[in-house]
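Overview (structure and organization)
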Amino acid sequence: MRKITLLSFLVFGWSIAAVAQKGEDTGAFRQDMPQVLVVGYKDKLLSKVPGSVSVLRFKDIRQMAPVSGNDVMKRVPGLNVVDEEGAGLRINIGVRGLDPDRSRNLLMLEDGVPVALNPYGEPEMYFTPVIDKVRNIEVLKGSGQVMFGPQTIGGVVNLITADPPEKEKTELRIKGGQGGFFSGYASYGNTVGNVGFIVSVLRKQADNIGPTWFRINDVSAKVRVKLSEKGSVGMKLGFYDEISNSTYVGLTQTMWDQGGTDYARIAPHDRLPVRRYNFSVTHQYKFTERASLQTTAFAYTTTRNWQRQNFSSNPAATNQTGEVWGDPSVPGGALFMQNSNGHRNRQFEVAGVEPRLVVKGMIAGKENKLQTGVRFLYEKANEQFIVGKKADATAGDLRDNEVRSGNALSAYLQDELNLTERLTINAGVRMEHFDYARRILRGRFSVNGTTVVADTNVVAKDKVFGIIPGAGFSYLLHDDITIFGGVHKGFAPPRTKDAITSTGMAIQLDEESSWNYELGMRYNNNEWVSGELTFFAMSFGNQIIPVSQSSGNSNATGLANGGRTLHKGLEGALQLDLGKAFGWEHSLTVGNNFTFVDSRYVEDRFIESGSDKVNVRDNKLPYAPSFIWNGSIGFEAKKGWGLRMLGNYVTEQYSDELNTELPTANGRIGKIDARFLFDASVWYQFPSRNITLSVCAKNLGDNRYIASRRPEGIKVGLPAFVTAGIDIVF
């Protein structure tokens, strides 16, 4: 993989050199950046999407003045965003009642390329693209997903970064706030002859966002080369480096009840560095006006070494530091810190290539569009667990060592047929085949009733195969009204660590599968109103229950096949521009979106509770609030100043399968109360329109609320937080 990274830098360097070696400037040309889009973000394309879709444009994102991607993604109907550390460094998104843990039921892309650690074997979002460099966001939750995988259950999110501009352009965006928060983004781009390029640099940091401090450096570049009238190439290179004090440990219930320690750094020596290199190249060639081929090759590496201090709820625990959090008089209500730590060191490699052919033609006199493609993907994970002998140890003894690898082959075919000028139907199928292996090189084994650590060389292999069909329709009922609907099979392969045990036994874990249904209506009057209303249902034949530490399972073991569940509900969005409606020279916008969802276990399933076994049939799924509402009011004067107010309401939710109401002493289980948050931003754009000043306040009411009880205690939501910024474009 190092050779791939080196080759990426060499190829990219050649591309930059090509700009300098170009002769006479032939003038800027207009051509889209060759890259994978999920739906495109042009209004005329949305009318034919056979499923629920949301598109957030740069203007909308900028007016929210987001501190993190959480601020933006929670405004999308159907999404439940659970904050973890206040800074949004690791995003947790649940779609229509699905578990939000590490966004593992969602396919997350950046410029059409996967960003998960390993897309098949470990799809967790321990790396999240920084919202400060994102220009547009596509979210597809329903039909039409068969061209994307391997996660086709919850939906697809594509974060689109800035493309090379047609003319010389420099941007500088600086934002600062409480607790040493700073975000500085600078980019320069131009088009010279047939080559366009953009280079961007981002520095983001904070000393205190809640309990979190972090430092992020992000450098990326894109090059677009027009080879001929028929062909072009787009290349992207990126580097991301992060260090933070991210931790799993949270408050006990007694700490929450007593107050005063909401943002305490319970484990001050915890450290999580994340480093990522990525490279992608997309070649686009148009054979004719009706046939084109787009081929994308990509490679990236992610290193995630997490140092976390050990602690115990047992007052008799050995090797204590003497530091105690919480109330020791309450059983389980205190944390006894220990003078040791664990290093969870993981390195991931991913490489893939995907050609996609688009052919437009006629079938029985009807317009037809056929898209077909195939993808080869290789992934690998190296994992070590190192035992540190002090709370702040940076090295220690190797306890576990393993390598997980996989080769995936997927292929898809989707056909779109215009039966009439108003009725379009599409049908498609995707095939996923994944061969994976887990090699244990060192681990813990039971010998005569005693656990010993020993070197070994145990290899186990398995594979999963899935056929994923889907079909949908869109009907133009009126020039502004589209009726759409569809059905597709949801598919997600099992995590390699779940499907093969740490002793090298393949347990034949099933893939996660569902049938997803949608029926909705989309209204779009470009003058002043747009909206969407969607009925949906997801029926799981087998829903995978997370067993990772991040999901609250301290031993990373437990039931994985969760059985049958059903998610059903209604989501809608309405956006009004009253300024346009009444012919004002100013803009007055009103936005609302909501999600009703009922997510339950629908067959007998027994969970141990003390000495009893409890049937959780008809219980709600964890972290699946039944109602989420977002509202906004925005005013923008012709002279350049504006104001936007946003509200977010989330109903109560449960943190466990038993739907436990009363909290446990350790804070990990119990009901999470409903909350309402109110944000506001104000800005002024100077008449030259090159400079914009802004001020934003998050959680204006300074509400104190529980954001999550995962994974090891209560995480408190961010308090009132004010930022100010300046944008300069020239």
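Preceding block: the structure.
Okay, so let's go over this structure.

Rules used in this analysis
Residues numbered from 1 in each chain as written. Predicted model: local features only at pLDDT ≥ 70, side-chain atom pairs only at ≥ 80, totals over all residues. Heavy atoms only, no water. Patch = residues over 30% accessible without salt bridge, like charges linked within 9 Å, V, L, I, M, F, W, Y side chains within 5 Å. Areas by Shrake-Rupley, 256 points an atom, 1.4 Å probe, with all protein chains shown as cover. Salt bridge = Lys/Arg side-chain N within 4 Å of Asp/Glu carboxyl O. Helix = DSSP H or I, 4+ residues; strand = E, 2+ residues; numbered from the N terminus. Core = buried A, V, L, I, M, F, W, Y, C linked by side-chain atoms within 4.5 Å. Buried < 20%, exposed > 50% of the residue type's maximum accessible area, 1.4 Å probe, protein only. Phe/Tyr/Trp six-rings, centres within 6.5 Å; stacked < 30°, edge-to-face > 60°. Contact = heavy atoms within 4.5 Å.

Together, Ile 633, Trp 641, Leu 643, Met 645, Val 682, Tyr 684, Phe 686, Leu 693, Val 695 and Val 722 line one region of the surface with nonpolar side chains, adding up to about 770 Å² of accessible area. Contributing elements (two or more residues each) for the nonpolar patch: strand E29 (641-650), strand E30 (675-685) and strand E31 (691-698). Residue contributions to the nonpolar patch peak at 3 residues, all from E29.

Turning to the nonpolar core, a few remarks are in order. Across soluble globular proteins, you tend to see nonpolar side chains buried next to one another. Core analysis: the largest hydrophobic core is formed by 52 residues, its most contacted members being Met 73, Ile 93, Met 108, Ile 137, Val 157 and Ile 209. Top contributing element to this core by residue count: strand E10 (residues 195-209), with 4 residues.

Taken as a whole and judged by the stated rule, the model has 49 salt bridges. Arg 90 is paired through a salt bridge with Glu 242; the nearest N and O atoms lie 2.9 Å apart. Here the residue Arg 90 occupies a position in the loop between strand E2 (79-81) and strand E3 (93-95), and Glu 242 occupies one in strand E12 (residues 231-244), the gap between them amounting to 152 residues. Take Arg 90: its relative accessible area is 1%, and that puts it in the buried class. Where Asp 111 meets Lys 222, a salt bridge forms, and the shortest distance between an N and an O atom there is 3.3 Å. Remark: Lys 222 occurs in strand E11 (residues 212-226) and Asp 111 occurs in the loop between strand E4 (107-110) and strand E5 (113-114); sequence separation between them is 111 residues. Judged by relative accessible area, which is 5%, Asp 111 ranks as buried. Overlapping salt bridges bring together Glu 110, Asp 111, Lys 133, Asp 163, Asp 218, Lys 222 and Lys 236 as one network.

Before going further, it helps to spend a moment on the packing of aromatic side chains. Scanning the entire structure with this criterion turns up 16 aromatic pairs. Ring plane angle 75° and centroid distance 5.1 Å describe the contact between Tyr 285 and Phe 287, whose orientation is recorded as edge-to-face. A residue is classified by how much of its surface remains accessible, and Tyr 285, at 28% relative accessible area, is partly exposed. Phe 287 sits in the partly exposed class, given a relative accessible area of 39%. Their ring planes at 20° and their centres at 6.4 Å tell us that Trp 629 and Phe 676 sit as a pair that is stacked.

Looking at the secondary structure, you find Leu 293 in strand E14 (residues 291-312). Taking the C-alpha atoms as reference, Leu 293 lies 8.0 Å from His 283; in sequence the two are 10 residues apart. Setting aside chain neighbours within four positions, we find Leu 293 in contact with His 283, Gln 284, Tyr 285, Phe 287, Pro 355, Arg 356 and Leu 357.

Here the focus is the environment of Phe 730. Counting through the fold element by element, Phe 730 comes out in the segment after strand E34 (721-729). The exposed category is assigned to Phe 730, whose relative accessible area is 57%. With 358 residues separating them along the chain, Phe 730 and Thr 372 place their C-alpha atoms 42 Å apart. Setting aside residues up to four positions removed in sequence, Phe 730 forms contacts with Glu 168, Lys 169 and Thr 170.

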